[in-house]
Structure formats: C-alpha cells, structure tokens
Amino acid sequence: MTTNHRPGRLNLNAFLMSSGHHEASWRLPESGPDATGHDIAHLRRLAQIAERGRFDSIFFADGPGLQGDVGRRPAGTLDPLIVLTAIAAATERIGLIATASTTYNSPYNLARRFASIDHVSSGRAGWNVVTTAGPEIAKNFGLDDQPAHAERYARAAEFLDVAFKLWDSWEDDAIVADKAAGVWADSAKIHPPGHVGQYFSVAGALNVPRSPQGRPLIVQAGSSNDGKDLAARHAEAVFTAHQSLGDAQAFYRDLKSRAVAAGRDADGVRILPGIVPVIGTTEAEALAKERELDELILPQYAQRQLARTLRLAPEDLPLDRELPADLPDEDEIEGAKSRYTLIVQLARRERLTVRQLIGRLGGGRGHRTFAGTPEQVADALQEWYDAEAADGFNIMPAALPSGLEQFTAHVLPILRERGLFRSEYEGTTLREHYGLARPANRYTTLQRATTTATATATGA
C-alpha cells in the first residue's frame, strides 16, 4: 500500500485489560495465572512493553462494580488511578490514562487525584471521562436505579466545568518561595471556584498546585448524541467503536464538525477507534489463532452477557436464531446507548445468529477485530487513517502480553517505515505526545486581557 496520508502521524494508545481483550484469552496455554487486572507486576510489564514501542499512552477501563460473570473470564480490577501511580514509577515517558466516573465521584476529590498523578508522573496523566451505565452499579451507591441518560451527561458537563476551575485555581507562578520576605505563595494568584450549580457546590481552591500539563488530557468514550456533544466541547481524544469504514468516517466527520461548532479547532480532538488485532506470520496462521480463541468461548456465559446488554432474558436469545425482531430503539435504552446500537446493527446487517454474534463480540465487545499478517494489520490501520476515519487507534490486543509484543515487534516497524509513527519520543508529556498545547490558566489569561484593555483605554 502506498503512503498518501494527510500531514501528521498516528496516535496509538494501548488499551490494557488483564489477559487480553478476547474473553477467552485467559484459557490459552500461554496465559499465566498472573495475567489479571489485580496483578500489578503484570500491568507494569505491559506498560513497559508499550513504552518500548513508543506508544503515546496506555489506558485502563474501569467501573465501580463487579462487571459481568466471574465464571466467564478474570474479573476484579484495581483502582486504575492507584495503578497509574505504580506504573508512573516504572516508566518514564508513556502517557497514563485512567477511567473515572462523573456519576459516582465528586469533582474535588477526582480533580485532586488526577492533578496528583500528573505531578507524580511529570505530566503524563489523562482522564477517560465516563458517565457509567447500569442499574446494578447504581445499587452500589444507595440508588434504586441508574440516573437517566440525559441527567448523567448534564452532571458530567457540570463535573468537568468544576474540575477545570479547580485545576486552574492555582496560577502557574503562584509559588514564589521568597525566603527573604517570608512569602511562600502569592495569595492573589489562588482562585477558589466558589461554584454553585445544579449538581455541585464547591467553594475552595484545590489543595494541589497547578500540574505540569495544566490539567490532564481529557478523553471521552461515549458515542451517543449526548456523548458526542460532551466530547465536542471538552474531549481531546475520543475512544470509539466502529465495524465499518463508512461508519467510522461518518462519526469522524460528525464529531469534528461538532467541535468546530463549539468553537474549537477540529485538530484539537483526536479520534481513536478501537481495533483488536490478531497477528500471524501468514494470514492462515492469524485466522487459525482467531478460531482457536473463538472456540474457547463458553456460549452459556456469553449468552447471559448479551442478554444483559440487550435488556432481555437469556431464554429470549436462542443460540441458533437471529435476534428478536422487536428489540427497543436506542431512545428507550438508558444504559450504554451507542454500544447497544452497534451490536444490534451488526447483527441485523450481517444477519448473524446469536451464536455467531457472540463470536464476533467475544474478541472486542463490538470493536473491530482484524486477523492478518503484520503488513495486513498495518494496511488496515493506514486505510482508515488515509480515509479520514481515524487520527489513530486504540490498540486492543486479543491476548496479553503476546498480542502487544507482536504488535510492537512486527507492526510498528512497518508503520515507521511508512512515516506513520514515531521512532522516539519527542516530548515528555502526554499532551506533547498527542501534539496538543498546554492549556492556559483562565485567571492568568483574564488578567492579561484586563491589563491589555486597561492599557489600551489609557493610551499606555
């Protein structure tokens, strides 16, 4: 494939998940007992592999509840913000992104934790902002049911507004450390938010000085209309799931247009679809690896999980029949709307039986799966990049650590030869890896604007 891409390079994030993204990966002979989400040594090793490959970042998903059926695959994960602090000490340059919910946290505590990670890692922190769907999780927090979809996103928007105020509550030069005068910080440069809104009331300034990046990189992963609007206003990277080039292009155009309408530069939002690569020295070998994984799926577990996603009883999903004709529309779903629609459209478009759909979802829960040689995987990535369907990719190895090692050793060199990916890190912060500027502090910017206006008015 010839190289004919727009200026710039791919952004690549490594999405790390226990033994791998394929639900049966833990059953492979190569998968050791330590390949879990609660073994910190395993997670550190994965991060170090990704850093050797010069990935922009690593990413950990999360939810405040035990997800899925523990009989199905390794379950239970450490708090990703704590994981990032451990990985920060074991790495030097790679970006560190963690998921945290705006539905089941408060802005002050979460803003403080992410600012702390940014300090500890010397500017490598990123926050994947989620609103957290699921009635079972709501019950962990004393609620009878999950808040409505629109309410979750309204809360998320205000949550981010408060977090931005907190991260700006110290100006960059607030600390003066003047020993002679006995002044450690300029109190005029500390700005308590004094926020009173619909969901939050936050009075005081953050108790952490402004961090190396100003604020962490903001990532968003919802693809509903509410999710896209939130991303257009605030996100700097978007993780998304698409099965076809056409769908990915439509999402890319839509989100970039929304960002421009929100007064932002379209290039200030990086769109990274997920892809689950299964790599072999030949195409036949890659397809055989994919079949081996799919044959290890236990249908009874996967059927129950699919039933939960579709809000059905398992007996309503016979394995060798297509999905029921009378499924609800996306508007009737209060959970993960975009993922629900993706799954239903995939099944309808390809007329898949439940058994076949389970196989397709087993590799990446609705993300695109691709089995092939390193050259074919590189071609698949470049095709979407050249076609303006992606600015980069969320790489989701089917099995870990082997899939990440194979991608790093065999696919990345091809992308480098084509000028599509870096050979060495050129910056030290996550924002620099993504080619994004450090945001100015709102209070410093306001003061400069006021000073300029005053000078102009007085003729100074």
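Placed above this text is the structure.
Residues numbered from 1 in each chain as written. Predicted model: local features only at pLDDT ≥ 70, side-chain atom pairs only at ≥ 80, totals over all residues. Heavy atoms only, no water.

S.K.: It is not clear to me how the pattern of salt bridges should be interpreted in this structure. Could you clarify?
M.R.: Note on pairing: side chains with opposite charge can pair once their charged atoms come close. Scanning the model with the defined rule gives 18 salt bridges in all. The shortest N-O distance in the salt bridge between aspartate 168 and arginine 442 comes to 3.1 Å. Taken together, the positions of aspartate 168 in the loop between helix H5 (149–167) and strand S5 (175–178) and arginine 442 in helix H15 (residues 442–458) put the pair 274 residues apart, joining distant regions of the chain. The exposure class assigned to aspartate 168 is buried, which follows from its relative accessible area of 3%. The class for arginine 442 is partly exposed, based on a relative accessible area of 32%. Note that arginine 418 is salt-bridged to glutamate 375, the shortest N-O span being 2.8 Å. Note that arginine 418 is positioned in the loop between helix H13 (402–417) and helix H14 (430–433) and glutamate 375 in helix H12 (residues 374–386), a separation of 43 residues in sequence. Overall, arginine 418 belongs to the buried group, its relative accessible area being 11%. A cluster of three or more residues bridged by salt bridges with shared partners is formed by Asp168, Asp172, Arg210, Arg438 and Arg442. (Salt bridge = Lys/Arg side-chain N within 4 Å of Asp/Glu carboxyl O. Helix = DSSP H or I, 4+ residues; strand = E, 2+ residues; numbered from the N terminus. Buried < 20%, exposed > 50% of the residue type's maximum accessible area, 1.4 Å probe, protein only.)

S.K.: Would you mind showing me how to read H13 here?
M.R.: Spacing of three or four residues puts side chains on the same side of an α-helix, whose turn is 3.6 residues. In a regular helix each residue adds 1.5 Å, so 16 residues correspond to 22 Å; H13 covers 23 Å between its end C-alpha atoms and thus fits that length. Considering bend angle alone, the principal kink of H13 is centred on valine 411 and spans about 35°; proline proline 413 follows within four residues of it. Taken together, the buried residues of H13 touch strand S1 (11–15), helix H1 (40–52), strand S11 (270–279), H12 and strand S13 (392–395). Positive backbone phi, approximately 75°, marks glycine 419, located one or two places after H13. (Expected span 1.5 Å × (residues − 1). Bend = angle between axes of the 7 residues up to and from the residue. Contact = heavy atoms within 4.5 Å.)

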